[in-house]
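Residues per chain, in single letters:
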Amino acid sequence: MINKTVKDADEAIRDITSNSVLMLGGFGLSGIPENCITALLKKDISELTCISNNAGVDDFGIGLMLKKRMVKKMISSYVGENAEFERQLLSGELEVELIPQGTLAERVRAGGAGIPAFFTPAGVGTEVADGKEIREFDGKLYLMERCLKADFSIIKAWKGDTAGNLIFKGTARNFNPMMAAAGKITIAEVEELVPAGELDPNTIHTPGIYVQRIFQGKDYEKRIEQKTVRK
Amino acid sequence: MINKTVKDADEAIRDITSNSVLMLGGFGLSGIPENCITALLKKDISELTCISNNAGVDDFGIGLMLKKRMVKKMISSYVGENAEFERQLLSGELEVELIPQGTLAERVRAGGAGIPAFFTPAGVGTEVADGKEIREFDGKLYLMERCLKADFSIIKAWKGDTAGNLIFKGTARNFNPMMAAAGKITIAEVEELVPAGELDPNTIHTPGIYVQRIFQGKDYEKRIEQKTVRK
Amino acid sequence: MLNKDQIAQRIAKEVKNGQYINLGIGIPTLVANYIPDELEVVLQSENGLLGIGPFPTEENVDADLINAGKQTITMVKGSSLFSSAESFGMIRGGHVHLTILGAMEVSENGDIANWKIPGKMVKGMGGAMDLVASAKNIIVAMQHCSRDGKSKLLKECSLPITGIKCVNKIVSDLAVLEVLPEGGFKLLERAPGVSVEEIKKKTEGRLVIEGEIPEMSFGS
Amino acid sequence: MLNKDQIAQRIAKEVKNGQYINLGIGIPTLVANYIPDELEVVLQSENGLLGIGPFPTEENVDADLINAGKQTITMVKGSSLFSSAESFGMIRGGHVHLTILGAMEVSENGDIANWKIPGKMVKGMGGAMDLVASAKNIIVAMQHCSRDGKSKLLKECSLPITGIKCVNKIVSDLAVLEVLPEGGFKLLERAPGVSVEEIKKKTEGRLVIEGEIPEMSFGS
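Conventions and cut-offs
- Residues numbered from 1 in each chain as written.
- Chains lettered and ligands numbered in written order.
- Predicted model: local features only at pLDDT ≥ 70, side-chain atom pairs only at ≥ 80, totals over all residues.
- Heavy atoms only, no water.
- Helix = DSSP H or I, 4+ residues; strand = E, 2+ residues; numbered from the N terminus.
- Rg over C-alpha atoms; globule rule 2.2 N^0.38 Å.
- Buried < 20%, exposed > 50% of the residue type's maximum accessible area, 1.4 Å probe, protein only.
- Contact = heavy atoms within 4.5 Å.
- Areas by Shrake-Rupley, 256 points an atom, 1.4 Å probe, with all protein chains shown as cover.
- Pairing = 2+ DSSP bridges.
- Right-handed = clockwise from strand over helix to strand, strands pointing away.
- Phe/Tyr/Trp six-rings, centres within 6.5 Å; stacked < 30°, edge-to-face > 60°.
- Lys NZ or Arg CZ within 6 Å of the ring centre and 35° of its normal.
- Buried area = accessible area lost by both parts, 1.4 Å probe.
- Salt bridge = Lys/Arg side-chain N within 4 Å of Asp/Glu carboxyl O.
- Polar contact = N/O pair within 3.5 Å; in protein donor to acceptor, adjacent residues only side chain to side chain.
- Least-squares fit on C-alpha atoms with pLDDT ≥ 70 in both.
- Nonpolar A, V, L, I, M, F, W, Y, C, P; charged D, E, K, R; others polar.
- Axes fitted to C-alpha atoms, helices over the stretch in contact; angles between N-to-C directions.
- Lys, Arg positive; Asp, Glu negative; His and termini not counted.
- Core = buried A, V, L, I, M, F, W, Y, C linked by side-chain atoms within 4.5 Å.

## Looking at the overall build of chain C
Move 1: Along its length, chain C carries five helices and 15 strands.
Move 2: At 17 Å, chain C has a C-alpha radius of gyration in line with the 17 Å of a compact globule built from 220 residues.
Move 3: Structurally, chain C occupies a C-alpha span of about 50 × 40 × 30 Å along its principal axes.
Move 4: In chain C, which comprises 220 residues, the share counted as buried stands at 62%.
Move 5: Across chain C, every contact between residues at least 6 apart in sequence was considered, and the portion connecting residues at least 24 apart equals 61%.
Move 6: Counting only carbon and sulfur atoms, one obtains 48% of the accessible surface of chain C, whose full area is about 8700 Å².

Below you can see the structure in the form of structure tokens.
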């Protein structure tokens, strides 16, 4: 089986340059590629386009990349919980394309699956529809949406094997599987890396064909945004 | 958790009538809903439209429904391995819509996922393109394909729970998960039915939301079309 | 006037046995606390879970298990986990029976605005645009008026909208209202102690009042 | 002239380390037998498997594990299983590096026909239309002529086509040929004992011959 292992985050992201288009997995702070984000922050690159459901919080996740002004454009569905993101958006310092979350998920999925465009009802009659083709099917209106692809997809999984097969945990799966397929180069960091053959083929969420580089991350903080407990 | 259990195949298919549109899971004879097909064969219904990758073989699977002339129209990607299917097609006794296998999979997936239409490169320049909209994206030509839905989706899984969650086995997964989502009523027969809570939520292939009826099948023959062994 | 918990409690009475339900952030999340135990329903979290359970105990907190509001949660028996693409496939495909979400404004023809105040505030639409474009049964939990007393039930939304002609019912701090297919808010129930006159005064959009309007009851 | 196994053996020389490969039914399936052990490649079965292994032993036969030709198979270490939608997502998305399939006819501009003889035979296109419309590197395994001696390498396909301008290379029982971007079959190698003259005679489409044409070698 083809071996995709690299040493660490620095090696994995070695060839990411300014002006690259990146996809970053995660929803809130759950399932984000912490090691790769830390490695990116050490690099002297800017003018990135980042496709990610949201942008972490002010002082964690992609929020740190925004603070450091590495990002030219965000393609996201949600700004809330990140004051710096909202500030840069409202001031016009940051270019932002806000799109419905399901449309984002489907555009990324389409990018990986060779579907250049599809129709969805989300956003009909709203400013999301501006400039987009609207078409009626069976009496209902839909927007045509294009696929999204990335130069690099940077994702986080729970377990992975050297062949690049991935298993996610809980709701940390979110956008990671679709992004894995939509990157020209897909980099996966995992909490536990095992030899090919140790994961049950029937339980794999992302087949290794989508992953070009994989490494076992370390020191996961897994910060919780809103810790809520039972009384 | 909502309980979807019914007694057996007869109860599961009780309200399927003539002229219904059915989806039937399986690829070759692998992962086909044997119990439900047997139950359908006992019913006095006809003029069915069946959406299934192929039609089994002459004397097993959907092939038996063709023989009994229950089927008005087949929507499939492959005829080979079934002489009766090919005969009825060539003689014009059976209406047949042949579509590329990936397009079939994606049309069914779109049906379940609320996508009315999408673009695919498969079939451009062939008779599959007849009457379809052709559009260029980034210098390449694509066909617009519509989604497929069914009155009843009849599928087969390996394990299932009373909430309708399903796990498939090996390559018997094939079209079953997409069909589960594309049926107004989805009927799942499983080899082993367990109480809700016994399957690991992280290993479920088809969430129970798509399944309206589930039962534990019996006497699976699992016929093999081409037994090939190592010398 | 109802407080947030009472709005949630009233909405819970709309829930039917066997439903798959998506609860938005804020008041809608509280609805879960009031769904009667005898109803078998499944709560969806659009970040990839069917079967949201109660909040975890301190020792069961798991950073990898959150709801769409980023709160830590648990799973009930019979849950399933999936990707965001699958999750919104469920939503767009009409598999979710009931959607409950918050709003800044609702118009008399059922338009909803809840994601942006131009120049001032942008939360983003998150999953709301997909939900309102896809769901057949949408209930909105909201305050009837803004803090400065302006009606939020309008002839037309003034804010950028999230979806058109999609809201079926509104439960506000003052009333329960149905959005009529031909347009207009039909008053169904008054909050305890709130008069029809007050609701009239605080509803800018067309209000339809037929016969006696009962006071809400919270008994089952 | 090559027999089927020799055609497969010659095609196996086109395989590169690190490739994900889809092998069609028939001769292409045989290619797996000749891929050198030192190459790390992964074979895809479009019915939902990456990592096809050898045929099973008698006691390991599993009806739930078949390839696209419905033959019983095994899985290698590091395999993954998935649905048909995911499988064709991989194919359309360009994740499979090499596609090897059979053909009834190929035209000099790279069109391929392999699914139907009107009025006589319909196999159906199966996954072939998706594969040829999506793959960047397509090698065809085929007989150079039909049983009655007619060339199958044509100016234009006479049968309903499966895909246009997609074939990159052909390995027939007589020769290895490249389909040129501007059209035409460029002769690369002759089968042992087959003359350039014979290949000329048996190729209806435009044949491009430049310099000395070497005989195929099967050594590594």
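So, next bit.
## Let's talk about the pairing of strand β4 (residues 95-98) of chain A
Residue and element names in this part refer to chain A.
Move 1: Across four bridges, strand β3 (residues 71-76) lies against β4 in parallel orientation. Bridging across to β4, S76 finds its partner in L98.
Move 2: At this point the chain moves from β3, through helix α4 (residues 83-91), to the parallel β4, and the crossover so formed is right-handed.

## Describing the packing of aromatic side chains
The description of two aromatic rings rests on the distance between their centres and on the angle between their planes.
Move 1: This structure, assessed with the given rule, holds five aromatic pairs over all chains.
Move 2: Aromatic pair F119(A) and F119(B): ring centres 6.2 Å apart, planes at 40 degrees, arrangement tilted. On the criterion of chain membership, the pair formed by F119(A) in strand β5 (residues 117-120) and F119(B) in strand β5 (residues 117-120) is interchain, its members lying in two chains. Per residue, the accessibility class of F119(A) equals that of F119(B), and both read buried.
Move 3: Judged by centre distance (5.8 Å) and plane angle (65 degrees), the ring pair of F137(B) and Y142(B) falls under edge-to-face. Comparing F137(B) with Y142(B) shows no difference in burial state: the two are buried.
Move 4: Here K156(B) stacks its cationic end above the ring of Y220(B), 5.0 Å away from the centre of that ring.

## Focus on the interface of chain C and chain A
Move 1: Contacts between the two partners involve 50 residues from chain C and, on the opposite side, 49 residues from chain A.
Move 2: For the pairing of chain C and chain A, the buried interface totals around 4000 Å² over both sides, and the portion due to carbon and sulfur atoms is 58%.
Move 3: Among the residues of chain C in contact with chain A, D64(C), K70(C) and V122(C) are the three that bury the most area, contributing 19% of the side total.
Move 4: Summed over the shared surface of chain C and chain A, the number is seven salt bridges.
Move 5: Linking E106(A) and R92(C) is a salt bridge whose minimum nitrogen-to-oxygen distance equals 3.4 Å.
Move 6: Taken together, chain C and chain A are joined by 25 residue pairs in polar contact (both at pLDDT 80 or more).

## Describing the sheet that holds strand β7 (residues 112-113) of chain C
All names here are of chain C.
Move 1: Judged by pairing direction, the sheet is mixed, and its three strands sit side by side in the order β7-β6-β11 without closing on themselves. What marks the edges here is a single partner per strand, and that holds for β7 and β11 (153-154).
Move 2: When strand β6 (residues 105-107) meets β11, the two strands line up parallel, connected through two bridges. Paired with V106 across the bridge in β11 is L153.

## Considerations on the relation of the copies chain A and chain B
Move 1: Mapping chain A onto chain B calls for a rotation angle of 180 degrees and an axial translation of 0.0 Å; the resulting RMSD is 0.0 Å. When the rotation and shift are considered jointly, the pair of chain copies conforms to a two-fold rotation axis. Measuring from the rotation axis to each C-alpha of chain A, the shortest distance belongs to F118(A), at 2.0 Å.
Move 2: When the interface residues of chain A are mapped onto chain B, 100% of them again fall at the interface, so both copies present the same face.

## Quick notes on helix α4 (residues 83-91) of chain B
Move 1: What α4(B) keeps buried is the set E84(B), F85(B), E86(B), Q88(B) and L89(B).
Move 2: Those residues of α4(B) that are buried are in contact with α3 (62-67), β3 (71-76) and β4 (95-98) of chain B together with β9 (121-122) of chain D.
Move 3: Following α4(B) by one or two positions, G92(B) has its phi on the positive side, about 80 degrees.

## Description of the interface of chain A and chain B
Move 1: Contact with chain A, which involves 25 residues of that partner, is made by 25 residues of chain B.
Move 2: Where chain A abuts chain B, roughly 1800 Å² becomes buried across the two surfaces, and 47% of that area is made up of carbon and sulfur atoms.
Move 3: Linking chain A with chain B are six salt bridges, by the criterion used here.
Move 4: Here R135(B) makes a salt bridge to E133(A), at a shortest N to O gap of 2.8 Å.
Move 5: Of all the elements in the fold, those that place two or more residues in the side of chain A that touches chain B are α5 (101-113), β5, β6 (134-137) and β7 (140-146) of chain A.
Move 6: Here the side of chain A that touches chain B is composed, by residue class, of 12 nonpolar, five polar and eight charged.

## Concerning the sheet that holds strand β12 (residues 169-172) of chain D
Residue and element names in this part refer to chain D.
Move 1: An order of β4-β3-β2-β1-β5-β10-β12-β13-β14-β15 is seen for the 10 strands of this open sheet, with the pairing classed as mixed. Two strands lie at the open edges of the sheet, namely β4 (75-81) and β15 (207-208), each paired on one side alone.
Move 2: With four bridges joining them, strand β10 (residues 138-142) and β12 adopt parallel strand pairing. When the bridges of β12 are listed, I139 appears paired with K169.
Move 3: Seen against the sheet, helix α3 (residues 84-92) touches β1 (20-23), β2 (42-45) and β3 (49-52) and runs at an angle of roughly 125 degrees to β2.

## A short note on the side chain of D173(D)
Residue and element names in this part refer to chain D.
Move 1: Checked against the element boundaries, D173 lands in the loop between β12 and β13 (175-179).
Move 2: Nearest to the buried, unbridged D173 among oppositely charged side chains is K202, at 6.9 Å.
Move 3: A polar atom in the side chain of D173 sits 2.8 Å from the backbone nitrogen of H144.
Move 4: Apart from the residues within four sequence positions on either side, D173 is in contact with M1, L2, I7, M142, Q143, H144 and A191.

## Remarks on the pairing of β3(D)
Residue and element names in this part refer to chain D.
Move 1: Pairing geometry for β2 and β3, over two bridges, is antiparallel. Across the sheet, Q44 pairs through a bridge with L50, a residue of β3.
Move 2: Two elements, β3 and β4, share three bridges in a ladder whose sense is antiparallel. Bridging across to β4, L50 finds its partner in S80.

## Concerning the nonpolar core
Residues and elements named next belong to chain C.
Move 1: Counting residues in each nonpolar core, the largest one holds 50 residues, and the members touching the most others are V106, I112, V140 and I170.
Move 2: Broken down by element, this core gets its largest block of residues, five residues, from strand β10 (residues 138-142).
Move 3: Sequence-distant contacts of V106, that is, excluding residues within four places in its chain, are made with D111, I112, V140, M142, K152, L153, L154, C157, V167, I170 and F185.

## Examining the packing of α5(A) against α3(D)
Move 1: Running from N to C, α5(A) and α3(D) point in directions that differ by 65 degrees, and their axes come no closer than 6 Å. Touching R109(A), G112(A) and A113(A) of α5(A) are A85(D), F88(D), G89(D) and R92(D), all from α3(D).
Move 2: Among the residues forming the contact of α5(A) with α3(D), the class breakdown is three nonpolar, two polar and two charged.

## A closer look at unusual backbone geometry
Move 1: A positive phi angle is found at D219(A), which is not glycine, with a value near 50 degrees.
Move 2: Within the secondary structure layout, D219(A) lies in the segment after β11 (213-216).
Move 3: The phi torsion at E47(B) lies on the positive side, around 55 degrees, for a residue other than glycine.
Move 4: With respect to the element layout, E47(B) can be found in the loop between α2 (34-42) and β2 (48-51).

## Quick look at the environment of K149(A)
Move 1: Along the chain, K149(A) falls in the loop between β7 and β8 (150-161).
Move 2: Between the C-alpha atoms of K149(A) and A182(A), which are 33 residues apart in sequence, the distance is 5.0 Å.

## Concerning the environment of I209(C)
All names here are of chain C.
Move 1: With respect to the secondary-structure elements, I209 resides in the segment after β15 (207-208).
Move 2: Look at I209 and you get partly exposed, because its relative accessible area is 30%.
Move 3: I209 sits 22 residues away from L187 along the chain, and the two C-alpha atoms are 5.6 Å apart.
Move 4: For I209, the contacting residues outside a window of four places in its chain are L187, V196 and K200.

## What to know about the side chain of N82(A)
All names here are of chain A.
Move 1: Checked against the element boundaries, N82 lands in the loop between β3 and α4.
Move 2: Among the polar contacts made by the side chain of N82, one reaches the main-chain amide nitrogen of F85 at a distance of 3.0 Å.
Move 3: Excluding residues within four positions of it along the chain, N82 makes contact with A55, G56, V57, D58, G63 and L66.

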